Amino acid sequence: PYHNPEVKPVPFDPQKALALLKEAGWTLDSKSRSLRNKGKPFEFTILIYKESQIEKKVARYIQLCLNDLGIKAHLKALAFEELKKKYFGNTEFQAALTEFIGAYRNVEDLEIYWTDTNRKAIAGCFEHPEVNRLIKEALEEKNQEKQKELFYEIDALITSLQPGTFLFQKTAIDVMSKRFRLPYPFSLTYEGIFRLKYASLDQDWKYPQRRTH
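Quick summary incoming for the structure in this document. Here the structure is a predicted model, which means the values were calculated and not measured.

1. Side note on the overall build of the chain
The secondary structure content of the chain amounts to seven helices and eight strands. Relative to its full complement of 213 residues, the chain shows a buried share of 28%. Sequence separation of at least 24 residues holds for 57% of the intrachain contacts in the chain that already meet a minimum separation of 6. With an accessible surface of roughly 15400 Å², the chain has 51% of that area assigned to carbon and sulfur atoms.

2. A word on helix 2 (residues 53-69)
Between its first and last C-alpha atoms helix 2 spans 25 Å; for 17 residues at 1.5 Å apiece the expected length is 24 Å, and the two agree. Among all positions of helix 2, only E55, K56, V58, A59, I62, L66 and L69 are buried. The buried residues of helix 2 occupy an angular sector of 160 degrees when the element is viewed end-on, so they sit on one face. Turned more than 90 degrees from where helix 2 packs its buried face, K57, Y61, L64 and D68 sit exposed. The secondary structure elements touched by the buried residues of helix 2 are helix 1 (14-23), strand 1 (27-29), strand 2 (34-37), strand 4 (43-49), strand 5 (72-78) and helix 7 (190-194). After helix 2 finishes, the residue G70 shows a positive phi value of roughly 95 degrees.

3. A short note on the sheet that holds strand 1
Strands sit in the order 1-2-3 across an open sheet of three strands; the sheet is antiparallel. Each of the sheet's edge strands pairs with one partner strand only, and the pair in question is strand 1 and strand 3 (40-41). Bridge count between strand 1 and strand 2: three bridges; the pairing is antiparallel. The residue of strand 2 that forms the bridge with T27 is R36.

4. Looking at the environment of I48
Tracing the chain through its elements places I48 in strand 4. Residues I48 and A59, eleven residues apart in the sequence, show an inter-C-alpha distance of 7.6 Å. Apart from the residues within four sequence positions on either side, I48 is in contact with K56, A59, K76, A77, L78, L83 and L97.

5. A look at the sheet that holds strand 4
Across the sheet, three strands lie side by side as 5-4-6; this open sheet has parallel pairing. The strands lining the two open edges of the sheet, one partner per strand, are strand 5 and strand 6 (95-96). Bridge count between strand 4 and strand 6: two bridges; the pairing is parallel. The residue bridging L47 from the neighbouring strand is A96, located in strand 6. Running over the sheet, helix 2 touches strand 4 and strand 5 and is turned about 165 degrees from strand 5. Against the sheet, helix 3 (residues 80-87) contacts strand 4, strand 5 and strand 6, and its axis sits at roughly 130 degrees relative to strand 4.

6. Some thoughts on the side chain of Q147
Relative to the helices and strands, Q147 is located in helix 6 (residues 144-161). In this structure Q147 touches A138, L139 and E141, once residues within four positions along its chain are discounted.

7. Remarks on the side chain of S52
Here S52 shows up in the loop between strand 4 and helix 2. Given the relative accessible area of 6%, S52 is considered buried. Polar contacts involving the side chain of S52 include one to the main-chain amide nitrogen of E55, which spans 3.2 Å.

Rules used in this analysis
Residue numbering note: each chain is counted from 1, following its sequence as written. Under the rules for a predicted model, residues below a pLDDT of 70 receive no local features and side-chain atom pairs below 80 are neither given nor counted, while totals for whole chains, interfaces and linings still include all residues. Values reported for side chains reflect all heavy atoms of the structure, with hydrogen atoms and water molecules removed beforehand. We count a stretch as a helix when DSSP gives it H or I for four or more residues in a row; a strand needs E for two or more, and each element gets its number in order from the N terminus. The classification of residues rests on relative accessible area computed with a 1.4 Å probe and restricted to protein chains. Under 20% of the type maximum is buried, over 50% is exposed, and intermediate values are partly exposed. Note on contacts: a residue pair qualifies if any of its non-hydrogen atoms lie within 4.5 Å across the two residues. In short, Shrake-Rupley with a 1.4 Å probe defines the accessible areas, and a residue's cover is counted only from the protein chains shown. What a helix should span is 1.5 Å times the count of its residues minus one. Think of the arc as the fan of directions from the helix axis to the C-beta atoms. Two strands are counted as paired when DSSP detects at least two bridges linking them. Helix axes are fitted to C-alpha atoms over the stretch in contact, other axes to C-alpha atoms as well, and angles between N-to-C directions run from 0 to 180 degrees. Between N or O atoms, a polar contact is any pair within 3.5 Å; within protein, one atom must be a potential hydrogen donor and the other a potential acceptor, and residues adjacent in sequence are included only when both atoms are from side chains.

Quick look at the structure:
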């Protein structure tokens, strides 16, 4: 409900991107088929969560698309805790394929993910004074319609700033069989998948009896 319906997605236009890169001083080397600027190749590393097969496939597809433009993307799969250490609240990465959830379900999460009074945001160390001001004003606003307008403004601003580029949206339903015991609520998220190591099989659980007609 807090997503601004007027915000348009960033267009996917590889040829326009290539033209902009050339304007910025990048040229395509005919021998290596790679973009170079002052002798240095355009290459970087994308961090991905090693337990997610879906995201590995998405990262490989991104890698192939960028390779067509002469950009070399290297993929590095990390365990959840290692990925979290590099990404949450710091900038120890060049690019990271992550999931962003919560801000449109619970508005208070925006303050946690995008701004904080004592430190920069969890989401890749993002910081912007106007975003901070708008979030604070929206959370203090009692009128629901005015609050919604403020969140629309926040959504449009974050999209225009592009602190994160959202290339892929997966839809999933979190379901787990009662045969498994887990000391946490199950969720199909990074942390949820990571916590599956604590799951155990209930040996006493029995399948429900089937009815026949």
